[in-house]
Amino acid sequence: MIQRPKGTNDVIGGGANPYLENLFQALMDRYNYEYIRTPIFEASELFHRGVGETTDIVTKETYDFVDRGNRKMTLRPEGTAGVVRSYIENKIYGNPSIPFKCWYYGPMFRYERPQSGRSREFYQFGVEVFGSNDPLTDAEVISIPVNIYKMLALKGIKVNINSLGDEESRNKYREALKKYFKSHLKDLCEDCKTRYNKNPLRILDCKEDANKKTIKEAPVMLDYLNEGSKLHFEKVQEYLKTMNIEYQINPNIVRGLDYYTHTVFEVEADIEGFGSQNVLCGGGRYDGLVKSLDGPDTSGVGFALGMERLISALDLSGINFENVGIDAYVVPLEESAKKVALALTNDLRLNGFIIDMDYMDRNLKSNFKQADRLKAKFIIIIGEEEIKNGTLKVKCNKTKKEEVIEFKEIMVYLHEKLSGCDCGECKH
Ligand code: HAM
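The structure presented is a predicted model; accordingly, all values stated were derived computationally and were not measured.

Caption draft 1: Quick look at the pattern of salt bridges. Counted under the stated rule, the structure contains 33 salt bridges. For lysine 338, the salt bridge identified is with aspartate 361, shortest N-O distance 2.9 Å. Of the two residues, lysine 338 is situated in helix α12 (residues 338-350) and aspartate 361 in the loop between β13 (355-357) and α13 (364-373); the sequence distance between them amounts to 23 residues. Since its relative accessible area comes to 27%, lysine 338 is described here as partly exposed. Salt bridges sharing partners connect three or more residues here, namely Asp56, Lys60, Glu61, Glu112, Arg118, Asp191, Arg195 and Lys207.

Caption draft 2: Just the site of the ligand, in detail. As a structural note, the neighbourhood of the ligand is formed by 27 residues, with Glu78, Glu112, Ser119, Glu128 and Tyr260 the closest of them. In the model, a nitrogen atom of the ligand is placed 2.6 Å from a nitrogen or oxygen of the glutamate 112 side chain. Here an oxygen atom of the ligand and a backbone polar atom of valine 279 are 3.3 Å apart. With the chains in place, 96% of the 660 Å² that the ligand exposes on its own is no longer accessible. When contributions to the shell around the ligand are tallied by element, the ones reaching two or more residues are β6 (121-130), β10 (279-285) and β11 (300-306). Considering every element that reaches the shell around the ligand, the biggest residue donor is β10, with six residues.

Caption draft 3: A look at the sheet that holds strand β15 (residues 391-396). Taking strand neighbours across the sheet as the criterion, the five strands line up as β13-β12-β14-β15-β16 in an open arrangement whose pairing is mixed. At either end of the open sheet lies a strand with only one pairing partner, and these are β13 and β16 (402-406). Ignoring strand direction, the axes of neighbouring strands in this sheet form an average angle of 25°. In the packing of α13 onto the sheet, the strands contacted are β12 (328-332), β14 (378-382) and β15, and the crossing angle to β12 comes to about 165°.

Caption draft 4: View of helix α4 (residues 80-89). Within α4, nine of the ten residues are buried, which leaves it mostly tucked inside the rest of the structure. For α4, the complete set of buried residues consists of Thr80, Ala81, Gly82, Val83, Val84, Arg85, Ser86, Tyr87 and Ile88. Contacts made by the buried residues of α4 are with β2 (41-43), α2 (44-50), β5 (100-109), β6 and α10 (289-292). One or two residues past the end of α4 sits lysine 91, with phi positive at roughly 50°.

Caption draft 5: How the structure looks around helix α7 (residues 190-198). Along α7, the residues classified as buried are Cys192, Arg195 and Tyr196. Mapping the buried residues of α7 onto a view down its axis gives an arc of 110°, with all of them on the same face. In α7, the exposed positions angled more than 90 degrees off the buried face are occupied by Glu190, Asn197 and Lys198. Its buried side turned inward, α7 meets α3 (56-60) and α6 (167-182).

Conventions used here
- Residues numbered from 1 in each chain as written.
- Predicted model: local features only at pLDDT ≥ 70, side-chain atom pairs only at ≥ 80, totals over all residues.
- Heavy atoms only, no water.
- Salt bridge = Lys/Arg side-chain N within 4 Å of Asp/Glu carboxyl O.
- Helix = DSSP H or I, 4+ residues; strand = E, 2+ residues; numbered from the N terminus.
- Buried < 20%, exposed > 50% of the residue type's maximum accessible area, 1.4 Å probe, protein only.
- Near = heavy atom within 4 Å.
- Polar contact = N/O pair within 3.5 Å; in protein donor to acceptor, adjacent residues only side chain to side chain.
- Areas by Shrake-Rupley, 256 points an atom, 1.4 Å probe, with all protein chains shown as cover.
- Pairing = 2+ DSSP bridges.
- Axes fitted to C-alpha atoms, helices over the stretch in contact; angles between N-to-C directions.
- Contact = heavy atoms within 4.5 Å.
- Arc of directions from axis to C-beta.

Take a look at the structure:
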């Protein structure tokens, strides 16, 4: 038997996935963000230049392949680089209506060691905002996941923020790190020794050295922010307070991607049993990225959340999206009733009802069992007699009471019953 690749998942049936996808769409409409979809694979160079040559994502985790035209391609490990590429290639920056605010949802691929909360194919919902360097947009972006968790009534959420400052501040910090790590190189792993020369900031993000004293005692970025960067960070915090968003400053957040400037943030779930991969989402500002990918000098800020981690946080918190069942199950009693049953099913679906029907020529008893399995609220029975009389037999699946109604009354009947039946027994 062929099995699915390690670190991937099959999602079968309803539950949380479609519910959350609808929630993302509805929320983004309210924020007035546009939908964007970019390719699942892009030229490898995009991620090397976009995400960063020295990041773990690019050096260890990309799925790379050479296509039949000998081009180096990579399955996207994240969404930002592709969206930036699209923003530049489609000259969206030329649109006078700025900022350009967009959202996306789709699969990302990282060759990581699979464990709970970490897979090789995972889904991200993310947003990117281009063209505004106002801290208002940083705060708005942070508010999006916070509002999603609020709408889902997910508790134990911690918003951690930090600032990586502007280029000038980071250059100063980089020098400070070089000076500090120079005398601590022997404590670091082999990869970090390379990082020391190429990009010492990446040492702070090393999974292997994370808990070492040397890392914990390293200089922190916040002490190297220049006045402009400090002011930006203060404004972000003021705006978060204005929206009653609780946060903590965590100077250890450096993020695993090279493109960040100024604000970075991660939201952690403090939920029993959640394990070590407890970062539900992350993001931040990336003011130099569009320019570094050959676009105009344009600010950017965004975030992405992992769907699988969100769903396991919801599961562990006892928040589930049970299948609430269908409105009605249509049963044709004989072959000759099938066409009428099919046409009725089609009409009811077109009019917004959730309907299923018998496709298996089951007898009435087995159909009642199937209606129970589908959690049908009503069962609509059509036989030759009903067709002759222009009627339908409708059975309430809670009270088991049957009524014969006029065929043409079915829409009104279902609508009334489903929006608050007055029989006092069924609680539809
Ligand atoms: P990231 O922190 O690499 O950021 O990923 C964002 C979220 O994706 C994580 O917080 C986590 O929930 C989920 N995630 C990442 N890797 C895995 C994995 N292997 N398995 C399951 N879930 C995972 C980014 O990707 C940036 N592009 C976010 C961003 C957008 N920054 C600015 N704009």
